[in-house]
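Structure assessment
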Amino acid sequence: MSGNGSKPEEKKIKIRFTNFTKSFGDLLVLDNMNFSVMENEFLCIVGPTGCGKTTLCNLITTIYPPTSGEIEINGESANPRRHNISFVFQEPSAFPWRTLWDNVKFGLEIKEGSKSKEEIDERLSEIFRMVKLKGFEEYYPHQISMGMSQRVAIARAFVTRPDLLLMDEPFGQLDIKTRFHMMDEILRLWREIKATIIYVTHNLEEAVYLGQNILVLTQKPTHIKETVEVNLPHPRDYASPEFIDIRKRVTELVKWW
Ligand SMILES: Nc1ncnc2c1ncn2[C@@H]1O[C@H](COP(=O)(O)OP(=O)(O)OP(=O)(O)O)[C@@H](O)[C@H]1O
């Protein structure tokens, strides 16, 4: 509660799944799921291989239609033309024939073609600074490391200032040190841009380090086993007793997949 008696800011639902089911032919993948993600929430999703985590992301972007049920974003049916959604995939993908600058510019021009050259250049300079790629603008994708490639993917995702960001195991290919560094970067960008993030990972430590909530999924036909709240401030100390305690709880849940 603030000092002048005004109400604390109320959080709104960003995305809501209602009685949501997805099958591919006879294969029932997501089985009647119901959950909501709040505005500006950082939600991590963990679940066994093949339970439908990537499918869930593809359903949000409407790449796949649901078999039944509904996904709403800001209270209306999910629609990538209306809702500013960005996606970071497992494999960093960049156009090899474009410089890093032109790679990041590409998405911005598609989404915000009405902006002037000055505005686009300003936005690009800002994101290159934020992901610490300043000085590498004229490099080509084959000239940079895997960690830097993932930074380019993150720059492309954040440059449009998405209000919903889907990240599907974005750091699976990175070594542990780069991974922790990138997680801190994501947390910083998340705070600056105030996006809602859905982050899929197999790494439980990563989920506890990042998420405000962790959605633990079951084997197929998939439903939600439990939502674990991680009520610890960022930056988190992964050696603290509280952190270890939560990681143990999530490990217990996934042991019985
Ligand atoms: N287009 C498709 N057609 C048919 N089956 C599909 C299709 N896409 C996904 N599946 C099936 O749906 C299930 C869920 O796949 P999905 O890739 O979403 O799982 P996941 O949880 O992301 O897996 P992983 O953890 O290995 O990345 C799998 O059995 C997969 O074979």
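Rules and cut-offs
Residues numbered from 1 in each chain as written. Predicted model: local features only at pLDDT ≥ 70, side-chain atom pairs only at ≥ 80, totals over all residues. Heavy atoms only, no water. Near = heavy atom within 4 Å. Polar contact = N/O pair within 3.5 Å; in protein donor to acceptor, adjacent residues only side chain to side chain. Helix = DSSP H or I, 4+ residues; strand = E, 2+ residues; numbered from the N terminus. Nonpolar A, V, L, I, M, F, W, Y, C, P; charged D, E, K, R; others polar. Phe/Tyr/Trp six-rings, centres within 6.5 Å; stacked < 30°, edge-to-face > 60°. Buried < 20%, exposed > 50% of the residue type's maximum accessible area, 1.4 Å probe, protein only. Lys NZ or Arg CZ within 6 Å of the ring centre and 35° of its normal. Domains from an automatic or database assignment. Contact = heavy atoms within 4.5 Å. Buried area = accessible area lost by both parts, 1.4 Å probe. Salt bridge = Lys/Arg side-chain N within 4 Å of Asp/Glu carboxyl O.

Per an unreviewed UniProt entry, the protein goes by ABC-type nitrate/sulfonate/bicarbonate transport system, ATPase component and derives from Desulfomonile tiedjei.

What follows concerns the site of the ligand. In the vicinity of the ligand there are 15 residues, among which G50, G52, K53, T54 and T55 approach most closely. In the environment of the ligand, an oxygen atom lies 2.9 Å from a nitrogen or oxygen atom belonging to the backbone of G52. When residues of the shell around the ligand are assigned to their parent elements, the largest contribution, three residues, is made by helix α1 (residues 53-60). Class assignment of the residues belonging to the shell around the ligand gives a composition of six nonpolar, seven polar and two charged.

Counted by the stated rule, this structure contains 12 aromatic pairs. Measuring from ring centre to ring centre gives 5.5 Å for W101 and F128, while their planes differ by 35 degrees; the resulting arrangement is tilted. In this pair, W101 is assigned in helix α2 (residues 100-111) and F128 in helix α3 (residues 117-130), connecting sequence segments 27 residues apart. As far as burial versus exposure is concerned, W101 and F128 are alike and both buried. Pairwise contacts between aromatic rings join F42, F171, W190 and Y199 into one cluster. Taking NZ or CZ as reference, R156 lies 5.9 Å from the ring centre of F95, over its face.

Right, let's get into the domain arrangement of the protein. Partitioning the protein into structural domains gives domain 1 (13-84 + 163-255) and domain 2 (94-161). Here the C-alpha centre of domain 2 lies 25 Å away from the C-alpha centre of domain 1. The interface of domain 1 with domain 2 comprises 19 residues on the first partner and 13 residues on the second. In this assembly, domain 1 packs against domain 2 so that about 1400 Å² is buried in total across both faces, 66% of it on carbon and sulfur atoms. Counting across the domain 1 and domain 2 interface gives two salt bridges. The salt bridge involving K132 is made with E185; its shortest N-O contact spans 3.4 Å. Within the residue set of the side of domain 1 that touches domain 2, elements represented by two or more residues are β7 (164-168) and α5 (176-193).

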